[in-house]
Amino acid sequence: QVQLVESGGGLVQPGGSLRLSCAASTSILSIYYDMGWYRQAPGKQRDLVARITSGGSTDYADSVKGRFTIFRDNAKKTVELQMNSLKPEDTAVYYCNLHHAILGNYWGQGTQVTVSS
């Protein structure tokens with residue numbers, strides 16, 4: 001019912017910026033689902049980075065507040081993550097997420113972000 005396709009990862013130097021994009025292909029007609037980004041570093045659990053409701057309310061991990069911004073386009077069914085002032089500790093695989101209250105969670109395939117000089 002839902003496919004999420006991410007793009008925009010890559011290698012960037014500390015202090016640099018990247019923008020991740022995720023497009024949802026879905027037969028869900030309602031826009032009443034949350035979208036967000038999670039990340040998983042090697043040997044660690046997958047953690048929330050940022051999420052946004054259909055109404056535009058946002059939630060960020062403390063570690064990215066003031067540096068990352070999440071955007072959503074309900075008409076296009078896309079969510080983007082603008083990442084500024086990147087740090088080596090931001091290195092991880094980033095996963096797009098769609099959470100529907102009834103249908104559950106859906107995940108993208110992941111995109112690698114590496115912050116290194």
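As a reminder, the structure under discussion sits directly above these lines.
Below, the structure is looked at part by part. (Residues numbered from 1 in each chain as written. Predicted model: local features only at pLDDT ≥ 70, side-chain atom pairs only at ≥ 80, totals over all residues. Heavy atoms only, no water.)

## Side note on the packing of aromatic side chains
- Within the structure shown, the criterion is met by 1 aromatic pair.
- Aromatic side chains Y38 and W107 sit 5.0 Å apart centroid to centroid with 75° between the ring planes, which places their arrangement in the edge-to-face category. On the criterion of sequence distance, the pair formed by Y38 in strand β4 (residues 34–40) and W107 in strand β10 (residues 104–107) is long-range, its members being 69 residues apart.
- The exposure class of Y38 is buried, given its relative accessible area of 18%.
- A cation over a ring is seen here: R46 above Y95, with NZ or CZ 3.6 Å from the ring centre.
- The positively charged end of R46 is found above the aromatic ring belonging to W107, 4.6 Å away from the centroid. (Phe/Tyr/Trp six-rings, centres within 6.5 Å; stacked < 30°, edge-to-face > 60°. Helix = DSSP H or I, 4+ residues; strand = E, 2+ residues; numbered from the N terminus. Buried < 20%, exposed > 50% of the residue type's maximum accessible area, 1.4 Å probe, protein only. Lys NZ or Arg CZ within 6 Å of the ring centre and 35° of its normal.)

## Points about the state of the cysteines
- According to the stated counting rule, one finds 1 disulfide in the structure shown.
- One disulfide bridge connects C22 with C96, the sulfur atoms lying 2.1 Å from each other. Between C22 and C96, the S-S dihedral sits near -80°, and the bridge is therefore left-handed. Linking C22 in strand β3 (residues 18–26) with C96 in strand β9 (residues 92–100), this pair joins segments that are 74 residues apart in sequence. (Disulfide = S-S within 2.5 Å.)

## Remarks on the nonpolar core
- By size, the foremost hydrophobic cluster in this structure holds 30 residues, and its most contacted members are L4, W37, L81, M83 and Y94.
- Listing elements by their share of this core, those giving two or more residues are β1 (2–7), β3, β4, β5 (47–52), β7 (68–73), β8 (78–83), β9 and β11 (111–115).
- If we skip the residues at most four places from it in the chain, Y94 touches E6, L20, W37, Y38, R39, V49, F68, L81, M83, G110, T111 and V113. (Core = buried A, V, L, I, M, F, W, Y, C linked by side-chain atoms within 4.5 Å. Contact = heavy atoms within 4.5 Å.)

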